Amino acid sequence: MNCNCLSRPTVLHTPSNLTAPTRASHLPGRSVSETNHKSTMTKSLPPVVTRFAPSPSGFLHIGGARTALFNWLFTRHHGGQFRLRIEDTDRARSSDEAIAAIIDGLTWLGLDWDDEVFYQSSQQARHAEVAADLLAAGKAYKCFATPEQLKDMREAQKAAGQPIRYDGRWRDRDPDEAPQGAPFVVRLRAPQNGQTVIDDKVQGKVVVKNDQLDDMVLLRSDGTPTYMLSVVVDDHDMGITHIIRGDDHLSNAFRQRALYDALGWAAPSFAHIPLIHGADGAKLSKRHGALGVEAYREMGYLPAALRNYLLRLGWGHGDAEIISADEAVKLFSLEGVGKGPARFDFKKLDALNAHYMRHGDPAATVSAAAPFFETKLGRPLDGDQRALLETALPLLSERAKTLRDLVSGGGFLFAERPIEPDEKAQEVLTDEARKILARLVPQLEALERWDAETLGQAIGAFAETEGLKLGSIGPAVRGALTGGTASPGIFEVLALLGRTESLARLRDQAI
RNA sequence: GACCCCAUCGUCUAGUCCGGUCUAGGACGCUAGCUUUUCACGCUAGAAACGGGGGUUCGAAUCCCCCUGGGGUCGCCA
């Protein structure tokens, strides 16, 4: 697979990091020249510029997050620029909350973008101007067909078993035939013969006959640009070199390609990555399991784990499974992206999350876990408690898949006395067991050192003098200390809780 | 319906481009055993896939065709 991107002419693009970051500086608009400038920049290859262009009508869902990740990885791998563009052309369906959620989600995942956020709606005038130019050049035309007429047309086509597409009724008709002042849309006069070939970086060579494509709407009857026009103009103006996006845009690419050609612009490279499906194999949509990334955060997943999981979903590199962000940047390539859709599997995400909790950066895990503990406790963790959490982390994470599991397994650390043993613990804390506890307490009180090893020896010796096996006193100690029947080893728990608290909890249950 | 895309264990994938080293590898999950103060972790072992049919070839998971199955798109949404 060769990279024809290297020979693509680039647009003259002001390095945005050199301009003052004013409110308007990220609006290239008509200041962008269309001059091909390859000769003056021969020594450096055209830089890679990618973009993630979500529509702010929902939240950053998992599929979008992966698209962003792949763009980010590809860009960082090539040392290029990764831009964030909010496709808010449809103002009615856009919301500030959605924009905030997208930005929060990307930030949480550690996907940083270059330059300021670009808002597509800020370019409407530019888009309309491009359409006007096309109209003037005869490459676009006015279509006076009403929505009702088009609806009828489609129904007729469907009834006749014909392909559904605009029939070109105004393509060659004299605009003067339309009623005076009638509303119209502007459509692209797309080629009707021949074929269009897109050498997709993931899907390979894809060919579509031009007679399959109809004349798409560029400008709505209210004069606003459609998505199809906006993306092409913005991608061009922003100097985007590689468009990496969901598979669902593959057919759009052919229409957009026609627009590029009409405009005389070189099209960027395309890479259409497969969509993510739910565990049942059905498409992951907003109403079917497609959660926003914040939902994964709330479920207790670490960003590093989710990122690693998303990376491996649809991309592979030999047997590599655990891949750090740095390694991913080094290894990532579009060639490694699979062509088929992948199903989302929580079990594997769990496994990855467990790995990162156990072997990742402890400080990051503690920071991520703290809010979960605080929510559970209803109060903030103080410095000592945070430190306690950090020392307990290795023990706790061995028993957890998510940060939530950390809370359910480590809640005893911050529980307030007297601890209420749960049902199972109560069964273990028989009168007999409580008496044993009473005899154990003085033995522990006498200890000079209070660490797991010393405690282990002391309790072992106690068991021996009592003529008991460790297994018959352990559960009671655990029940008294944690209020439950599952926890890290009791010696470790004793050490974690400290002498004062441990003894107090044991006395609470002893009789 | 039309057009386009895809197809290896239950799931994610390696291998496919450059046919033989594939009695198809890894990971998650699953099963069994070991370890063990509980729960886990860990370790060991195991079950588990080239959708079907035709070709091409000495030889095909790998190349070609058809079928089947999945998916996407067909808006004055993005």
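The structure presented is a predicted model; accordingly, all values stated were derived computationally and were not measured.

Draft legend 1. Region of the structure containing the sheet that holds strand β2 (residues 81–86). Spatially, 3 strands are ordered β1-β2-β3 in an open sheet, and the strand pairing comes out parallel. A single partner strand is all that each edge strand has here, and the edge strands are β1 (49–52) and β3 (118–119). Note: β2 against β3, 2 bridges, orientation parallel. In the strand pairing of β3, Arg85 is matched with Phe118. Contacts from helix α1 (residues 62–78) reach β1 and β2 within the one sheet, and its direction differs from that of β1 by about 165 degrees. The strands that helix α5 (residues 227–237) touches are β1, β2 and β3; relative to β2, the one it contacts most, it runs at about 150 degrees.

Draft legend 2. Up close: the packing of aromatic side chains. Per the counting criterion, the structure on display carries 11 aromatic pairs. For the pair Tyr296 and Phe346, a centre-to-centre distance of 5.9 Å together with 15 degrees between the ring planes defines the contact as stacked. With Tyr296 in helix α7 (residues 293–298) and Phe346 in helix α10 (residues 346–359), the pair connects residues that are 50 residues apart, well separated along the chain. By relative accessible area, which is 33% here, Phe346 ends up partly exposed. With centroids separated by 5.0 Å and ring planes inclined at 70 degrees, the aromatic side chains of Tyr309 and Phe344 adopt a geometry described as edge-to-face. Separated by 35 residues along the polypeptide, Tyr309 in helix α8 (residues 303–312) and Phe344 in the loop between β12 (342–343) and α10 bring together distant segments of the chain. Using a relative accessible area of 3% as the deciding quantity, one classes Tyr309 as buried. Judged by its relative accessible area of 5%, Phe344 is buried. Chaining the aromatic ring pairs together yields one cluster made of Tyr296, Tyr301, Tyr309, Phe344 and Phe346.

Draft legend 3. How the structure looks around the environment of Phe270. Looking at the element boundaries, Phe270 is found in strand β10 (residues 269–273). The sequence separation of Phe270 and Leu250 amounts to 20 residues, and the corresponding C-alpha distance is 8.8 Å. Other than its neighbours up to four places away in sequence, Phe270 contacts Ile198, Asp199, Asp200, Lys201, Ile243, Arg245, Ala253, Gln256 and Tyr260.

Draft legend 4. View of helix α17 (residues 470–482). Compared with the 18 Å implied by 1.5 Å per residue over 13 residues, the 17 Å span of α17 between its first and last C-alpha is a close match. Each element contacted by the buried residues of α17 is listed here: α14 (423–428), α15 (431–445), α16 (452–466), α18 (490–497) and α19 (499–509).

Draft legend 5. Seen up close, the environment of Val366. Position of Val366 among the secondary structure elements: in helix α11 (residues 362–377). Note: C-alpha distance between Val366 and Leu406 (40 residues apart in sequence) is 10.0 Å. The contacts of Val366, once residues within four sequence positions are left out, are Arg386, Leu389, Glu390 and Leu393.

Draft legend 6. Structural view of unusual backbone geometry. At the junction of Arg417 and Pro418, the peptide bond is cis and its omega measures out at -5 degrees in the coordinates. Located in the positive-phi region is Asp115, a residue other than glycine, with phi close to 65 degrees. Residue placement: Asp115 occurs in the loop between α2 (96–109) and β3. Overall, the relative accessible area of 27% leaves Asp115 in the partly exposed class.

Draft legend 7. A look at the packing of helix α3 (residues 124–136) against α5. Following both chains from N to C, one finds α3 and α5 inclined at 105 degrees, their axes separated by 10 Å at the closest point. On the basis of their axis angle, the class for α3 and α5 is roughly perpendicular. Within the contact between the two elements, α3 uses Arg126, His127, Val130 and Ala131 and α5 uses Leu229, Ser230, Val233, Asp234, His236 and Asp237.

Draft legend 8. Geometry of the layout of surface pockets. By volume, the largest pocket amounts to about 1,000 Å³. The wall of the largest pocket is formed by 41 residues, among which Pro54, Ser55, His61, Asp248 and His249 lie closest to the centre. The element contributing the most residues to the lining of the largest pocket is α1, with 6 residues. Here the residues of the lining of the largest pocket sort into 16 nonpolar, 14 polar and 11 charged.

Criteria and thresholds
Residues numbered from 1 in each chain as written. Chains lettered and ligands numbered in written order. Predicted model: local features only at pLDDT ≥ 70, side-chain atom pairs only at ≥ 80, totals over all residues. Heavy atoms only, no water. Pairing = 2+ DSSP bridges. Helix = DSSP H or I, 4+ residues; strand = E, 2+ residues; numbered from the N terminus. Contact = heavy atoms within 4.5 Å. Axes fitted to C-alpha atoms, helices over the stretch in contact; angles between N-to-C directions. Phe/Tyr/Trp six-rings, centres within 6.5 Å; stacked < 30°, edge-to-face > 60°. Buried < 20%, exposed > 50% of the residue type's maximum accessible area, 1.4 Å probe, protein only. Expected span 1.5 Å × (residues − 1). Parallel < 35°, antiparallel > 145°, perpendicular 65-115°, else oblique. 1 Å grid on protein atoms, 1.4 Å probe; cavity = no way out; pocket = protein on both sides within 12 Å on 5 of 7 lines; lining within 4 Å. Points joined across faces, edges and corners; volume = space filled by probe spheres on them. Nonpolar A, V, L, I, M, F, W, Y, C, P; charged D, E, K, R; others polar.

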